[in-house]
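# Topology and contacts: notes
Spelled out from the first residue to the last, the chains are:
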Amino acid sequence: MKEQIFAALAAHTAWKERLYKAIDSGIIDPPPSVIELDNACVFGKWLYGNEIPAAIKLTAQYEAVRQIHAQFHKLTAQIALLAVTGNKEKAKELLSDGSEYIQLSDRLRSALLDLARVSQTLM
């Protein structure tokens, strides 16, 4: 479980760079409609799958990760859509220091670390 959580941290950290590349090129893959789906990424499939014990899925930490992860996908998709439709300035603004994206990324990182800690005690 810990490995999946740390892989998710790395994958979601990489999104900022991917979004900046999309802003520069106007191209992103997958498209924003897929990015928005919080159950389509590798971590999302695991998060909603059967691999996580029910006891962990009942924790507040799991629910926090699930909710923040969904919010992260929605915001990332919004920024990706701005990037591919040519609204580069707005996309950059949403990625800037202190932005909602940065705050949400920090919240997701914190929630994932909390989930890692609680999962160790329950497993």
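The following paragraphs examine the structure supplied in this document. (Residues numbered from 1 in each chain as written. Predicted model: local features only at pLDDT ≥ 70, side-chain atom pairs only at ≥ 80, totals over all residues. Heavy atoms only, no water.)

This part is about the packing of aromatic side chains. Here the distance between the centres and the angle between the planes together describe a pair of aromatic rings. Inspection of the entire model under this criterion finds 2 aromatic pairs. Seen in terms of ring centroids, Phe43 and Trp46 are 5.5 Å apart; in terms of plane orientation they differ by 40°. Their pairing is tilted. Linking Phe43 with Trp46, this pair stays in helix 3 (residues 42-48), spanning 3 residues, or about one helical turn. Geometrically, the ring pair formed by Phe72 and Tyr101 is tilted, given 5.4 Å between the ring centres and 40° between the ring planes. One end of the pair, Phe72, is in helix 5 (residues 60-84); the other, Tyr101, is in helix 7 (residues 100-122), with 29 residues separating them in the sequence. (Phe/Tyr/Trp six-rings, centres within 6.5 Å; stacked < 30°, edge-to-face > 60°. Helix = DSSP H or I, 4+ residues; strand = E, 2+ residues; numbered from the N terminus.)

Counting 38 residues, the largest nonpolar core has Leu19, Phe43, Ile79, Tyr101, Leu112 and Leu115 as the members making the most contacts within it. Taken together, the elements giving at least two residues each to this core come down to helix 1 (2-25), helix 3, helix 5, helix 6 (88-95) and helix 7. What Leu19 contacts, discounting residues up to four positions off in sequence, is Ile28, Thr76, Ile79, Ala80, Leu95 and Tyr101. (Core = buried A, V, L, I, M, F, W, Y, C linked by side-chain atoms within 4.5 Å. Buried < 20%, exposed > 50% of the residue type's maximum accessible area, 1.4 Å probe, protein only. Contact = heavy atoms within 4.5 Å.)

For the rest of this paragraph, the subject is helix 7. For helix 7, spanning 23 residues, the distance from its first C-alpha to its last is 32 Å, which sits close to the expected 33 Å at 1.5 Å a residue. For helix 7, the complete set of buried residues consists of Tyr101, Ile102, Leu104, Ser105, Leu108, Ala111, Leu112, Leu115, Ala116, Val118 and Ser119. (Expected span 1.5 Å × (residues − 1).)

Next up on the list: the pattern of salt bridges. Under the defined criterion, the tally for this structure stands at 5 salt bridges. When the shortest N-O distance is used, the salt bridge between Lys90 and Glu93 registers 3.5 Å. You can see Lys90 and its partner Glu93 sitting in helix 6, 3 residues apart, about one turn around the helix. Overall, the relative accessible area of 33% leaves Lys90 in the partly exposed class. Judged by relative accessible area, Glu93 falls into the partly exposed class, the value being 47%. Close ionic contact of Asp114 with Arg117 constitutes a salt bridge, the shortest N to O distance being 2.5 Å. (Salt bridge = Lys/Arg side-chain N within 4 Å of Asp/Glu carboxyl O.)

Looking now at the packing of helix 5 against helix 6. Two elements in contact, helix 5 and helix 6, have axes whose closest approach is 7 Å; the angle formed by their N-to-C orientations is 150°. Compared by their axis directions, helix 5 and helix 6 come out roughly antiparallel. In the packing of helix 5 onto helix 6, the handedness of the crossing is left-handed. Contacts from Gln78, Ile79, Leu82 and Ala83 in helix 5 reach Lys88, Lys90, Ala91, Leu94 and Leu95 in helix 6. (Axes fitted to C-alpha atoms, helices over the stretch in contact; angles between N-to-C directions. Parallel < 35°, antiparallel > 145°, perpendicular 65-115°, else oblique. Left-handed = near helix turned anticlockwise from the far one by under 90°.)

With that out of the way, let us pick up the side chain of Asp38. Mapped onto the elements of the fold, Asp38 is located in the loop between helix 2 (32-35) and helix 3. Although Asp38 is buried, it makes no salt bridge; Arg66 carries the closest opposite charge, 5.1 Å away. Among the polar contacts made by the side chain of Asp38, one reaches the side chain of Tyr48 at a distance of 2.5 Å. Look past the residues within four positions of Asp38 in its chain and what remains in contact with it is Gly44, Tyr48, Arg66, His69, Ala70 and His73. (Lys, Arg positive; Asp, Glu negative; His and termini not counted. Polar contact = N/O pair within 3.5 Å; in protein donor to acceptor, adjacent residues only side chain to side chain.)

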